[in-house]
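The lines below spell out each chain.
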Amino acid sequence: MNKLILDKTFKGENYTSQGLPKAEYENCIFKGCNFSKGYLDNQIFLECEFIDCNLSNANIVNTTFNEVKFSHCKLMGLAFHTCNSFLMSFAFFDCNLSFSIFTDLKLVGQLFNSCKLEEADFSDCDLSSAKFMDCNLKRTVFSRTNLQKADFSTATDFSIDPENNTIKGAIFSKDMLEGLLHKYQLKILE
C-alpha cells in the first residue's frame, strides 16, 4: 500500500536523479519542480496541481492522474498512453506537450488551453467534446480519432483528415478550414 501524502506543497525540488518518493499524493501542489527524465511511474496523483514544472520525458508508466491540473509546465515527450487510464482526468494551461503520446485514450471533454502540441499523437483517441483553445497543433497526428463536438475554433496549424476521423459537430474557425483540406493539396485564396 502506498503512503498517503495530503495537502503538501513541493517547491523547487529536483527529482531528476532521485525520484519522487512512491506515494499517493492528494491535493498537493508541485511548483517549479524538475522531473525531467525522472521516474514518476506507479505514482498516484489525486486533485494535484503542477505549476511551472518540467516533466519532459519522465517515466509515467502506470501513473494515475485524477483531476490533475498542469499550468505553465513543460511536458514534452510524455507517454500518457502508458498511464493508468482508469479515472484519468487532467487539464492543461499554457503547457508544452510537443511529442507527447495520447494514443488509445478516452479523453472526453479534455481541456487544452494555450498549449503547444506540436507532433503530439492522438491516434485512436476519443476526444469528443475536447477543447483545443489557442493551441498550436503543428504536425499533430489525428488518425481514427473521435473528434465529435471538439472545439478547434481558436486552434492553429492543425491538419485533420475528415475521412480518417469522426468530426461530426466539431467546431472550426472559417479562417482555419484549410486544416481540413491539406490532403487535397488545394490552393485556397483569400
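To keep things clear, this report deals only with the structure shown in the data block. (Residues numbered from 1 in each chain as written. Predicted model: local features only at pLDDT ≥ 70, side-chain atom pairs only at ≥ 80, totals over all residues. Heavy atoms only, no water.)

**Considerations on the overall build of the protein**
Thought 1: When helices and strands are tallied, the protein shows zero helices and twelve strands.
Thought 2: In sequence order, the protein lays out its α and β elements as β-β-β-β-β-β-β-β-β-β-β-β.
Thought 3: A compact globule built from 190 residues should have a C-alpha radius of gyration of about 16 Å, and the protein, at 17 Å, falls within 12% of that.
Thought 4: In terms of overall dimensions, the protein has C-alpha extents of about 55 × 25 × 25 Å along its principal axes.
Thought 5: Every one of the 190 residues in the protein was classed for burial, and the buried ones make up 45%.
Thought 6: Taking contacts inside the protein between residues at least 6 apart in sequence as the whole, the part at least 24 apart equals 3%.
Thought 7: Per element, the accessible surface of the protein, about 9,800 Å² overall, is 48% carbon and sulfur.
Thought 8: If the 19 positive side-chain charges of the protein are averaged to one point and the 24 negative ones to another, these points end up 2 Å apart. (Helix = DSSP H or I, 4+ residues; strand = E, 2+ residues; numbered from the N terminus. Rg over C-alpha atoms; globule rule 2.2 N^0.38 Å. Buried < 20%, exposed > 50% of the residue type's maximum accessible area, 1.4 Å probe, protein only. Contact = heavy atoms within 4.5 Å. Areas by Shrake-Rupley, 256 points an atom, 1.4 Å probe, with all protein chains shown as cover. Lys, Arg positive; Asp, Glu negative; His and termini not counted. Charge placed at Lys NZ, Arg CZ, Asp CG, Glu CD.)

**Some points on the state of the cysteines**
Thought 1: Counted under the stated rule, the structure contains zero disulfides.
Thought 2: With no disulfide of its own, C83 has C125 as its nearest cysteine by sulfur position, at a separation of 12 Å.
Thought 3: Note on C83: relative accessible area 7%, which makes it buried. (Disulfide = S-S within 2.5 Å.)

**Structural notes on the packing of aromatic side chains**
Here the distance between the centres and the angle between the planes together describe a pair of aromatic rings.
Thought 1: Evaluation of the coordinates by the stated rule reveals 34 aromatic pairs.
Thought 2: Seen from their ring centres, F10 and F30 are 4.7 Å apart, and the 10 degrees between their planes marks the pair as stacked. Here F10 is found in strand 2 (residues 9-11), whereas its partner F30 is found in strand 4 (residues 29-31), with 20 residues between them in sequence.
Thought 3: Given the relative accessible area of 0%, F30 is considered buried.
Thought 4: Ring centres of F65 and F90 lie 6.2 Å apart, and the angle between their planes is 65 degrees; this geometry places the pair in the edge-to-face category. Here F65, found in strand 7 (residues 64-71), pairs with F90, found in strand 8 (residues 84-93); they are 25 residues apart in sequence, far enough to count as distant.
Thought 5: Judged by relative accessible area, F65 falls into the buried class, the value being 1%.
Thought 6: Positioned above the aromatic ring of F93, the side-chain terminus of K69 is 5.1 Å from the ring centre. (Phe/Tyr/Trp six-rings, centres within 6.5 Å; stacked < 30°, edge-to-face > 60°. Lys NZ or Arg CZ within 6 Å of the ring centre and 35° of its normal.)

**Thoughts on the environment of K138**
Thought 1: One can find K138 in the loop between strand 10 (131-133) and strand 11 (151-152).
Thought 2: Sequence spacing of K138 and T156 is 18 residues, and the spatial spacing of their C-alpha atoms is 7.5 Å.
Thought 3: Setting aside anything within four residues of it in sequence, one finds K138 in contact with L117, E118, E119, T156 and D157.

**Remarks on the side chain of S56**
Thought 1: Relative to the helices and strands, S56 resides in the loop between strand 6 (49-51) and strand 7.
Thought 2: Engagement of the side chain of S56 in a polar contact is seen with the backbone nitrogen of M76, the distance being 3.1 Å.
Thought 3: Apart from residues lying up to four places away in sequence, S56 is in contact with S36, K37, K74, L75 and M76. (Polar contact = N/O pair within 3.5 Å; in protein donor to acceptor, adjacent residues only side chain to side chain.)

**Describing the nonpolar core**
Thought 1: Counting 55 residues, the largest nonpolar core has F30, F70, F132 and F152 as the members making the most contacts within it.
Thought 2: Counting only elements with at least two residues in this core, the list comes to strand 3 (23-26), strand 7 and strand 8.
Thought 3: Setting aside chain neighbours within four positions, we find F152 in contact with F132, L137, F142, L147, F158, I160, I171, F172 and S173. (Core = buried A, V, L, I, M, F, W, Y, C linked by side-chain atoms within 4.5 Å.)

**Notes on the pairing of strand 3**
Thought 1: Judged from the four bridges that link them, strand 1 (residues 3-6) and strand 3 form a sheet pairing that is parallel. The residue of strand 3 that forms the bridge with L6 is E26.
Thought 2: In terms of strand pairing, strand 3 meets strand 5 (residues 44-46) through three bridges, oriented parallel. Across the sheet, Y25 pairs through a bridge with F45, a residue of strand 5. (Pairing = 2+ DSSP bridges.)

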